[in-house]
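Commentary on secondary and tertiary structure
Now for the letters of each chain:
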Amino acid sequence: MNKPNIAQKKSIPIDVEKNKIYYWCKCGLSKKQPFCDGSHKTTVFKPIKYIPEQNKRVFFCGCKYSLKPPFCDGTHKKI
Ligand code: FES
């Protein structure tokens, strides 16, 4: 597996908490999208750490092909 699995072709909105540590799933295999559940261990991918600077709603990338991970940049419309 050298390409990430497409978990879903749309963003995943989550209300995040300031200073909480999140690990966004890069491999696309996690059952807890958009976050890592350890499933990447059989792949070349690693999760991306994200710590919000404030409480807010974040649109995480669900397709895993965003050029601005862990955030959705609309790339899912082209894949
Ligand atoms: S489960 Fe996908 S990066 Fe960890």
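Since this is a predicted model, take the numbers as computed values, not measurements. Residue numbers run consecutively from 1 along every chain, following the written order of its sequence. For a predicted model such as this one, the threshold for reporting local features is a pLDDT of at least 70, and the threshold for listing and counting side-chain atom pairs is 80 or more; totals across whole chains, interfaces and linings nevertheless cover every residue. Only hydrogens and water are set aside; all other atoms, that is, all heavy atoms of the structure, feed into the side-chain values.

1. Quick look at the side chain of Lys64
What counts is decided by this rule: The way it works is that DSSP assigns letters per residue, a run of H or I at least four long becomes a helix, a run of E at least two long becomes a strand, and they are numbered from the N terminus. To sort residues, take the accessible area from a 1.4 Å probe on protein chains only and compare it with the maximum for the residue type: under 20% means buried, over 50% means exposed, and anything in between is partly exposed. Positive charges come from Lys and Arg alone, negative charges from Asp and Glu alone, with His and the N- and C-terminal ends not counted. In the sections that follow, a salt bridge refers to a side-chain nitrogen of Lys or Arg positioned within 4 Å of a carboxyl oxygen of Asp or Glu. Contacts described as polar in this section are N or O atom pairs within 3.5 Å, which, within protein, must combine one atom able to donate a hydrogen with one able to accept it, while residues neighboring in sequence count only if both atoms come from side chains. Any two residues whose heavy atoms approach within 4.5 Å at even a single point are treated as in contact.
Residue position: Lys64 is located in the segment after β4 (56-60). Summary of buried charges: Lys64 has no salt-bridge partner, and the nearest side chain of opposite charge, Asp37, is 9.9 Å away. Within polar-contact distance, the side chain of Lys64 engages the side chain of Gln33 at 2.7 Å. Discounting residues that sit within four places of it in the chain, Lys64 has contacts with Pro4, Asn5, Ala7, Trp24, Cys25, Lys26, Gly28, Gln33 and Pro34.

2. Some remarks on the nonpolar core
Condition: Buried Ala, Val, Leu, Ile, Met, Phe, Trp, Tyr and Cys residues that are joined via side-chain atoms within 4.5 Å together make up what is termed a nonpolar core.
One finds Val16, Tyr22, Trp24, Phe35, Tyr50, Val58, Phe60, Cys61 and Cys63 forming the largest nonpolar core, which totals nine residues. The set of elements that each furnish at least two residues to this core consists of β2 (22-24) and β4. Contacts of Phe60, omitting those with residues within four sequence positions, involve Ser11, Ile12, Ile14, Val16, Trp24, Pro34, Phe35, Tyr50, Pro70, Phe71 and Cys72.

3. Quick notes on a nonpolar patch on the surface
Keep this limit in mind: Residues form patches when they are more than 30% accessible in relative terms and have no salt bridge. Like charges link within 9 Å. Nonpolar side chains (Val, Leu, Ile, Met, Phe, Trp, Tyr) link within 5 Å. Note on areas: Shrake-Rupley with a 1.4 Å probe; residue coverage comes only from the protein chains shown.
A surface patch of nonpolar side chains, amounting to about 270 Å² of accessible area, comprises Ile21, Tyr23 and Ile51. Within the secondary structure layout, Tyr23 lies in strand β2. The partly exposed category is assigned to Tyr23, whose relative accessible area is 39%.

4. Focus: unusual backbone geometry
Cis geometry marks the peptide bond from Gln33 to Pro34, where omega comes out at 5°. Within the secondary structure, Pro34 sits in the loop between β2 and β3 (48-50). Non-glycine residue Asn19 carries a positive phi angle of around 70°. Along the polypeptide, Asn19 turns up in the loop between β1 (12-16) and β2. Even without being a glycine, Lys64 presents a positive backbone phi close to 75°. Residue classification places Lys64 among the buried residues on the basis of a relative accessible area of 1%.

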